[in-house]
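Given next are the chains, with one letter for each unit.
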Amino acid sequence: MTRTLEAIFRQPMRFLFMLILFPALGVGIAFYLPRTYQSTATLWALRSYATISATGTLNNPDAQNNQSGTPTSPSDTQVSALTELLQSRSFALIVAKSAQLSKVMMQSDPETLNDAMVSEISQHVHVATKGNDTFTISYSNRNPQIAQKVVQAVITTYGSESQSFSISEGQNLLQSYQTQLVQTQQAVDKTTQAQTAYIQAHPNATQSDLLNDPQYVLLESQAQQARTNLQTIQNAISTLNQEISFLGIGSTGLFTVLDPPVVPAHPESQLLVLLEAGGIGLGVALLVCILYLAAVVRRDHAIYTVQDVQKVTTLPVALQIPQM
């Protein structure tokens, strides 16, 4: 500790200079960086975002309940769904190409350009809940026109792609049910024909006789079970068609745009950017000061205490001058 304090107070101006220099450089660099423009749109969630599954229509499973345990709002489910979509490469590329984001990207290689655009969209487009039924989509760019185009492209793509994503599982289930319907109808025809053939083979048997005949009872049970299975599948198909029809109405039934994105006329405030740059500069300055201080202390071979004497010689200490 003594050596550290000695090193600091021996050259206080040098440490003070470093503590001022790096934050000042950070603020100066941030001040001359190009300004960014933010475009924001506000949307009204008409209903919760839902998908079709084997158990029926389900809301976004990742947004079912918040920390308090109460059901989430429609805007929460849509924010969660759109945030997930923005992380997918295909969705992000559609947005980037629709907004002509490549015009402001520096990459020339197509694959590198696609990677850069996907990263830009997935990391810098922000979706946030504003209220129970409202949420916002915002994006910042140095080009104000591109900022507006990206937000508009997100809205358009979300409206068009959400329909196919939400009903894709339902369409797969519908195909499976259609196959089961054909098989079940064949089973109904087969059991009904067997029941009819048995009755024709016993023309003198009354209804009471047939009901007391174990073989006929078995045929009747099989036919009834087949008809029940057929009715169950028909009901499932009818329900699926209704759900697909409801979710298939696209963005008109999912959300409506309250405040469309506009081309921003004024850049974002630089105060926060300057504060962040100053904080980073101060952190760098502290790191440099620590490294410099460690080097100075390590190179200091002066003797300050009795312990320092004992490190360099085995001779006893006969006299110590009091510190002034």
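Since the structure is predicted, the reported quantities are computational estimates derived from the model, not experimental observations.

The rules behind these values
- Residues numbered from 1 in each chain as written.
- Predicted model: local features only at pLDDT ≥ 70, side-chain atom pairs only at ≥ 80, totals over all residues.
- Heavy atoms only, no water.
- Helix = DSSP H or I, 4+ residues; strand = E, 2+ residues; numbered from the N terminus.
- Expected span 1.5 Å × (residues − 1).
- Buried < 20%, exposed > 50% of the residue type's maximum accessible area, 1.4 Å probe, protein only.
- Salt bridge = Lys/Arg side-chain N within 4 Å of Asp/Glu carboxyl O.
- Axes fitted to C-alpha atoms, helices over the stretch in contact; angles between N-to-C directions.
- Parallel < 35°, antiparallel > 145°, perpendicular 65-115°, else oblique.
- Contact = heavy atoms within 4.5 Å.
- Nonpolar A, V, L, I, M, F, W, Y, C, P; charged D, E, K, R; others polar.
- Phe/Tyr/Trp six-rings, centres within 6.5 Å; stacked < 30°, edge-to-face > 60°.
- Core = buried A, V, L, I, M, F, W, Y, C linked by side-chain atoms within 4.5 Å.

Caption draft 1: Structural context of helix α5 (residues 110–124). In a regular helix each residue adds 1.5 Å, so 15 residues correspond to 21 Å; α5 covers 21 Å between its end C-alpha atoms and thus fits that length. For α5, the full list of buried residues reads L113, N114, A116, M117, V118, E120, I121 and S122.

Caption draft 2: Fine view of the pattern of salt bridges. Throughout the structure, instances matching the rule amount to 2 salt bridges. The shortest N-O distance in the salt bridge between R89 and D115 comes to 2.9 Å. Within this pair, whereas R89 is found in helix α4 (residues 89–98), its partner D115 is found in helix α5, the two being separated by 26 residues in sequence. The exposure class of R89 is partly exposed, given its relative accessible area of 36%. The class for D115 is partly exposed, based on a relative accessible area of 37%. The closest approach of N and O atoms between R227 and E220, which form a salt bridge, is 3.8 Å.

Caption draft 3: Layout of the packing of α4 against α5. Where α4 meets α5, the axes come as close as 9 Å, and the angle between the chain directions of the two elements is 95°. Here α4 lies roughly perpendicular to α5, going by the angle between them. Contacts between α4 and α5 involve R89, A92, L93, V95, A96 and K97 on the former and, on the latter, E111, N114, D115, M117, V118 and I121. A class-by-class count of the residues in the contact of α4 with α5 yields 7 nonpolar, 1 polar and 4 charged.

Caption draft 4: A look at the packing of aromatic side chains. Inspection of the entire model under this criterion finds 3 aromatic pairs. Ring geometry for Y158 against F255: centres 5.4 Å apart, planes inclined by 10°, an arrangement best described as stacked. Here F255 lies in strand β6 (residues 255–259) and Y158 lies in helix α6 (residues 144–201), a separation of 97 residues in the sequence. Each of the two residues, Y158 as well as F255, counts as buried. Linked through ring pairs, Y49, Y158 and F255 together constitute an aromatic cluster.

Caption draft 5: Inspection of the nonpolar core at higher detail. Judged by nonpolar contacts, the single largest core of 37 residues is most densely connected at L82, L101, I121, I137 and V150. Counting only elements with at least two residues in this core, the list comes to β1 (37–45), α3 (74–86), α4, α5, β5 (134–141) and α6. Residue contributions to this core peak at 8 residues, all from α6. Once you skip the residues sitting within four places of it in the chain, I121 turns out to touch L86, A92, V95, A96, L101 and V150. Listed in part, the 6 residues of the second largest apolar core include L174, Y177, I233 and I237.

Caption draft 6: Highlighting the side chain of T42. Relative to the assigned elements, T42 resides in strand β1. Exposure remark for T42: the relative accessible area of 8% places this residue in the buried category. The residues contacting T42, other than those within four sequence positions of it, are K130, T134, F135, T136, V257, L258 and D259.

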